Amino acid sequence: MSFFEIRTSACKAHTLSVLASALLLTTPAFASAAETKTYSEVMEKGRALFDKYGISHDLPKLAISSLVQGEHLVEHAHRTLQIGDEVRDSSVYLVKNTDTKGNIDLRIKYNPEELDDNENLLDEIEAFTRTEYRLRDYAESFDSSSVRVKEIDDNKVIISFDYSKYGLPQDIAYFRFLNVNIELVNGEPKRMLISNEKPFKHHIYKVESYKQEIEFHTLPSGKLVIASKTTEVVGTTKNKPVKMTSIIEPVAFYEDDNGIQVLNEARLQEVSDPRMLEASVKLDRVFPLMGDMVRRKGIDMPLPFGVSVAYRNQDMDIPMTDYVIGGVRLNDLFDPEDSVATVKAESLSIRGDVNILPFWNVFGYVGKVNVDANVDASYTGAAGEYLRDKLNDRFDGAGDLLCSEVSALCNRGRLNVPLHLEYDLRGMGTTLSVGYKEFFASVTGTYSQTRLKGLDDWGDGIVTVQPMLGYQLVDYRAQFFVGAEYQGLNSRMQGTVKTDDIEFDYDVGVDIDQWAFLTGVNKQIGKHYNMTVLYNKGETRSAVTLNLGYRF
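Being a predicted model, the structure only gives us computed values, none of them experimental.

Enquirer: How should I be thinking about the overall build of the protein in this particular structure?
Expert: If you tally the helices and strands in the protein, you get nine helices and 26 strands. For the protein, with 552 residues in total, the buried portion stands at 48%. Accessible surface for the protein amounts to roughly 26400 Å². Of this, 53% is attributable to carbon and sulfur atoms.

Written as structure tokens, this is what we have:
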């Protein structure tokens with residue numbers, strides 16, 4: 001790839017507070033369903049054919065990244081981009097140096113007069129070079145099972161292959177739509193032709209035609225390098241036609257064993273002009289730790305940092321088992337077996353996360369929860385019966401008179417208590433994940449707390465766990481998954497209620513199914529965005545969750 005590739009760049013909480021804690025979004029961080037076979041297993045077939053014709057296994061990388069062809073080099077790049085009737089033309093030099101520890105120093109040298117005023121080209125170059133830097137650690141990027149050989153005559157052979165669907169990063173994954181032909185003449189690679197088999201989307205562009213031609217050159221040292229790389233892209237953006245043509249040519253190679261190999265003396269003098277402006281490209285990233293080791297296995301990983309906004313709507317039916325108010329058991333007055341609380345809760349949260357290790361994500365979140373509940377209690381009439389008997393014993397007929405006037409007191413009936421509560425939400429969590437080809441597995445755990453609006457103290461916390469198994473549609477960067485969700489709700493809810501001058505303790509027994517079925521889909525949109533939809537269904541609850549995220 002080159003930068004010419006098109007891109008854009010103080011009391012306990014109320015009864016329902018613990019329930020509200022369970023309503024936060026626990027959207028997992030998804031494992032990349034990448035190829036994780038060992039090097040020998042992946043390369044066995046294609047490697048044998050490459051070895052037979054003396055082709056380096058790194059040769060397919062040159063279409064993606066010209067920076068892999070040398071530790072110390074200078075390149076010249078020129079791009080013409082036409083959008084509608086507007087034509088933009090720019091040229092720069094790329095200077096790469098690698099120290100003894102393998103750290104790369106990459107600089108852009110340019111003449112401002114050769115940069116189009118309408119292009120933010122330096123940002124584009126920095127983005128592309130960061131991608132190419134990452135690619136230096138990827139395993140062979142081609143699909144070994146796709147390698148084909150066609151012998152034209154005794155002197156000419158064409159070797160064809162496709163790029164891997166698994167091992168390429170999301171930001172250049174469009175290479176999976178491309179076909180490659182390597183032309184060998186007298187056993188030496190002369191050129192490589194890359195073209196698309198069908199249209200594909202790349203950022204805001206719809207690419208109809210993609211053609212890349214790489215001419216090879218052998219240095220006096222015997223090293224095979226790019227003589228020129230020409231790319232032509234034709235497509236549309238926002239209903240406007242787009243045509244881009246780019247040419248990358250090496251200027252000089254600096255080899256420790258063979259000295260300086262100059263391919264274009266005039267351009268080497270130009271890039272050495274002290275009046276040329278210079279911009280440095282920062283390539284290394286701290287997170288995820290061990291990221292380079294994983295990339296060398298050919299595994300793509302999501303960007304390390306993320307922010308997301310989540311909305312969740314959950315309905316719960318909570319059967320009651322016991323009533324204790326102010327230390328007095330009231331089961332004779334209210335039948336817990338015939339009582340239920342219906343809870344409808346909506347939560348909106350903002351989450352930030354980071355991939356500490358390739359398989360380990362940690363996150364924290366804050367948000368709001370609104371709860372509308374209705375307690376439908378079954379009144380037994382026992383209180384009225386008791387009063388009637390006591391009054392009749394003291395005053396003949398007084399108890400019967402009371403019950404006739406206040407029939408609801410003496411007869412069975414139902415008591416509905418509507419509640420509307422608002423909570424603050426906070427929490428933290430972690431995700432562990434692993435992927436193999438199109439399959440992945442993950443488990444997410446969270447710990448959350450809520451605080452009733454107007455109070456200072458946070459309620460008791462709750463643990464939520466989501467184990468999942470999933471399948472990825474590689475071409476569409478979409479994942480489908482099934483699993484379960486555990487909400488660690490206690491079988492008893494205890495706390496203190498304060499209303500004006502009234503204060504009392506409660507201890508209510510509930511019968512809640514802690515596990516629920518979970519299914520959903522996650523869709524990656526380009527390199528940075530993703531959308532997740534989750535659905536939960538259990539005996540006592542159901543929920544729908546929508547998450548919109550951005551990674552960087």
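Okay, back to it.
Enquirer: Can you walk me through the pattern of salt bridges in this structure?
Expert: Once their charged atoms are close, side chains differing in charge can pair, the charge on each being opposite to the other. Counted by the stated rule, this structure contains 16 salt bridges. In this structure, the salt-bridge partner of E188 is K190, at a minimum N-O distance of 3.8 Å. Using a relative accessible area of 38% as the deciding quantity, one classes E188 as partly exposed. Accessibility expressed as a relative area gives 37% for K190, which makes it partly exposed. Put simply, R191 and E213 hold a salt bridge, and the shortest N to O gap is 3.1 Å. With R191 in strand β7 (residues 188-196) and E213 in strand β9 (residues 205-218), the pair connects residues that are 22 residues apart, well separated along the chain.

Enquirer: I'm lost on the packing of aromatic side chains in this one. Help?
Expert: The full count for this structure, using the stated rule, is 11 aromatic pairs. A centroid spacing of 6.2 Å and a plane angle of 65° characterise the contact between F50 and F161, whose relative ring orientation is edge-to-face. Here F50 is found in helix α2 (residues 39-52), whereas its partner F161 is found in strand β5 (residues 156-162), with 111 residues between them in sequence. By the burial criterion, F50 is buried, and F161 matches it. Between the aromatic rings of F200 and Y210, the centroid separation amounts to 6.4 Å while the plane-to-plane angle is 55°, which identifies the pairing as tilted. Here Y210 lies in strand β9 and F200 lies in strand β8 (residues 200-202), a separation of 10 residues in the sequence. Pair check on accessibility: F200 and Y210 agree, each one buried. Taken together, the aromatic side chains of F287, F305, Y529, Y550 and F552 make up a single cluster linked through ring pairs. The lysine or arginine in question, R351, covers the ring of F363, its NZ or CZ lying 4.2 Å from the ring centre.

Enquirer: Explain the side chain of S91 here, please?
Expert: On the secondary structure map, S91 appears in strand β2 (residues 86-98). Exposure remark for S91: the relative accessible area of 9% places this residue in the buried category. Setting aside anything within four residues of it in sequence, one finds S91 in contact with H76, A77, H78, Y110, E114 and L115.

Enquirer: What is the right way to look at the pairing of β5 in this model?
Expert: As a general feature of sheets, a regular strand has side chains that alternate between the two faces. Within β5, five of the seven residues are buried, which leaves it mostly tucked inside the rest of the structure. Pairing of strand β4 (residues 148-151) with β5 involves four bridges; the strand directions are antiparallel. Counterpart to R148 in the pairing with β5 is S160. Taken together, β4 and the strand that follows it, β5, pair antiparallel across an intervening segment of four residues.

Enquirer: Help me understand the nonpolar core, please; the structure alone is not making it clear to me.
Expert: Side chains of nonpolar character tend, in soluble globular proteins, to be buried together. Counting 34 residues, the largest nonpolar core has I159, F161, F175, M192, I194 and Y210 as its most contacted members. Looking at this core, the elements with two or more residues in it are α3 (61-64), β1 (73-83), β5, β6 (178-185), β7, β9, β10 (224-237) and β11 (240-255). In this structure, M316, A345, A377 and L489 belong to the second largest nonpolar core, which totals 20 residues.

Enquirer: Quick question: what am I supposed to make of the environment of T519 here?
Expert: Turning to its location among the elements, T519 is positioned in strand β24 (residues 515-525). C-alpha of T519 to C-alpha of M468: the two residues are 51 residues apart in sequence and 8.5 Å apart in space. Apart from the residues within four sequence positions on either side, T519 is in contact with F481, V482, V533, L534 and Y535. Separated by 3.1 Å, the side chain of T519 and the backbone oxygen of F481 make a polar contact.

Enquirer: For this particular structure, what's the right way to read the side chain of E485?
Expert: Considering the arrangement of structural elements, one finds E485 in strand β21 (residues 478-487). In terms of polar contacts, E485 uses its side chain to reach the side chain of Q466, at 2.9 Å.

Enquirer: Explain unusual backbone geometry here, please?
Expert: Glycine aside, a negative phi is what most residues show, and trans is what most peptide bonds show. One non-glycine residue, N186, lies in positive phi territory at about 55°. Examined against the element boundaries, N186 turns out to sit in the loop between β6 and β7. A relative accessible area of 57% places N186 in the exposed class. Here K238, not a glycine, exhibits a phi torsion of approximately 50°, which is positive. Mapped onto the secondary structure, K238 falls in the loop between β10 and β11.

Enquirer: Would you mind going over the confidence of the model for the protein with me for this structure?
Expert: Note that predicted coordinates carrying low pLDDT should not be read in detail. Predicted confidence across the protein gives a mean pLDDT of 80, with 78% of residues reaching 70 or more. Scored below 50 in pLDDT, residues 1-25 makes 125 contacts in the model with residues more than four places away or belonging to other chains. This stretch, residues 31-40, has a pLDDT under 50; its non-local contacts, to residues over four places away or in other chains, come to 35 contacts.

Calculation rules
Residues numbered from 1 in each chain as written. Predicted model: local features only at pLDDT ≥ 70, side-chain atom pairs only at ≥ 80, totals over all residues. Heavy atoms only, no water. Helix = DSSP H or I, 4+ residues; strand = E, 2+ residues; numbered from the N terminus. Buried < 20%, exposed > 50% of the residue type's maximum accessible area, 1.4 Å probe, protein only. Areas by Shrake-Rupley, 256 points an atom, 1.4 Å probe, with all protein chains shown as cover. Salt bridge = Lys/Arg side-chain N within 4 Å of Asp/Glu carboxyl O. Phe/Tyr/Trp six-rings, centres within 6.5 Å; stacked < 30°, edge-to-face > 60°. Lys NZ or Arg CZ within 6 Å of the ring centre and 35° of its normal. Contact = heavy atoms within 4.5 Å. Pairing = 2+ DSSP bridges. Core = buried A, V, L, I, M, F, W, Y, C linked by side-chain atoms within 4.5 Å. Polar contact = N/O pair within 3.5 Å; in protein donor to acceptor, adjacent residues only side chain to side chain. pLDDT = per-residue confidence, 0-100.

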